[in-house]
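Report on the structure
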Amino acid sequence: MIWHAPFSSDPTDADDNGDGIKDWAMRDTGSLPGTLGGGVWSAPGSPIRSLDSQPQQDFATRTIVDLRMRNTVRAAEYGAVFWINVDYTPTTFAPLFIVVQLQAGGTAQDVTLFGKTAQPTTVPLVTGSVVTTDFVDIRLDIDPSSDELTMTIAGVSTTVAYPSIDRAANDDRWATVLAWNGDAQFDDVHVAVCP
């Protein structure tokens, strides 16, 4: 399965994998907020609205994510966000999310991959920064068979183990793109689930 949003057109109109279901949808069922232009989605940081991959997916096999995104207006919390819940079992799953946040000086961006050790407890798994306000290239290679992932930020790779938490009633089995408080731009999102 592949989900690709190059943002050359509204991703909520696309069915590139031909399964009869639109590949992306706004979680609140509204239209895509912000603007599309030049292959870039400029998303407002408020109100916070989520663009989700469709249909739901367990992401229980190797999953590779390629992103180009940036935070254009600094916020107190987060900014440009890609979120994916992976490694679903009947009892557990692993929430992972990448944040690109403009630094206070406005000349660099911090990049952080977060996981969770419990539903309310967020922990940083990989941190880095890039001295640019341009788009940041990020790759996430997730291997549920070993509960490990490799994150590559601007060509620098780090491999870490990721935690899983109790699934409870969670069924948010999507890859999600959103601007969280700070305005953000997304140039490309590509998610591939290996057989």
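Located above this text is the structure these notes cover.
Residues numbered from 1 in each chain as written. Predicted model: local features only at pLDDT ≥ 70, side-chain atom pairs only at ≥ 80, totals over all residues. Heavy atoms only, no water.

Notes on the side chain of Asp 187
In plain terms, the rule: Only DSSP runs of H or I with at least four residues qualify as helices, and only runs of E with at least two residues qualify as strands; both kinds are numbered from the N terminus onward. Per-residue accessibility, obtained with a 1.4 Å probe over protein chains only, is compared with the maximum for each type, and a residue is labelled buried under 20%, exposed over 50%, and partly exposed between these values. Under this definition, polar contacts are N or O atom pairs within 3.5 Å; protein pairs additionally need one hydrogen-donor-capable and one acceptor-capable atom, and for neighbouring residues in sequence, both atoms have to be side-chain atoms. Contacts were defined at the residue level, with two residues in contact if any of their heavy atoms lie within 4.5 Å.
Relative to the elements of secondary structure, Asp 187 occurs in strand β16 (residues 184-193). Judged by relative accessible area, Asp 187 falls into the buried class, the value being 19%. Here the side chain of Asp 187 touches Arg 68 through a polar contact of 2.7 Å, side chain to side chain. Excluding residues within four positions of it along the chain, Asp 187 makes contact with Ala 5, Pro 6, Phe 7, Gly 39, Val 40, Arg 68 and Phe 135.

A closer look at the packing of aromatic side chains
Definition in use: Stacked, tilted and edge-to-face pairs are distinguished by plane angle, under 30 degrees for stacked and over 60 for edge-to-face with tilted covering the rest, among Phe, Tyr and Trp rings (Trp via its six-membered ring) whose centres lie within 6.5 Å. By definition, being over a ring means that NZ of Lys or CZ of Arg is both within 6 Å of the ring centre and within 35 degrees of the ring normal.
Counting across every chain of the model gives 11 aromatic pairs. Considering the side-chain rings of Trp 83 and Trp 180, the 6.3 Å spacing of their centres and the 20 degrees angle between planes classify their relative orientation as stacked. In this pair, Trp 83 sits in strand β7 (residues 80-86) while Trp 180 sits in the loop between β15 (175-179) and β16, placing the two residues 97 residues apart along the sequence. Note on Trp 83: relative accessible area 18%, which makes it buried. An aromatic cluster of at least three residues, connected via ring pairs, comprises Tyr 78, Trp 83, Phe 97, Phe 114 and Trp 180. Seen from the ring of Phe 135, Arg 70 lies directly overhead, with NZ or CZ sitting 4.4 Å from the centre.

Overview of the pattern of salt bridges
Let me state the cut-off plainly: Salt bridge, as applied in this entry: a Lys or Arg side-chain nitrogen positioned within 4 Å of an Asp or Glu carboxyl oxygen.
By the definition in use, this model includes 10 salt bridges. Here Asp 137 makes a salt bridge to Arg 68, at a shortest N to O gap of 2.9 Å. Of this pair, Asp 137 sits in strand β11 (residues 136-143) while Arg 68 sits in strand β6 (residues 63-71), placing them 69 residues apart in sequence. When its relative accessible area of 27% is taken as the criterion, Arg 68 is described as partly exposed. Because the salt bridges share partners, they merge into one network encompassing Asp 58, Arg 167, Asp 171 and Arg 173.

Some thoughts on the pairing of strand β9 (residues 109-118)
Condition: Here, any two strands with at least 2 DSSP bridges between them count as paired.
Burial analysis of β9 places seven of its 10 residues in the buried class, the great majority of the element. Counting the residues that bridge the hairpin from strand β8 (residues 92-102) to β9 gives six residues, and of these Gly 106 lies at a positive phi of roughly 75 degrees. One ladder, built from nine bridges, connects β9 with strand β10 (residues 121-130); its direction is antiparallel. Looking across to β10, one finds that Leu 113 is bridged to Val 126. Linking β9 back to β10 in an antiparallel pair, the connection comprises two residues.

A closer look at unusual backbone geometry
The omega torsion of the bond from Ser 46 to Pro 47 falls at -5 degrees, within 30 degrees of zero and hence cis. Positionally, Pro 47 belongs in the loop between β4 (40-43) and β5 (51-53). In this chain, Gln 54 is followed by Pro 55 through a cis amide linkage whose omega measures -10 degrees. With respect to the element layout, Pro 55 can be found in the loop between β5 and β6.

Take it as geometry only, folks, not as evidence of what the structure does.
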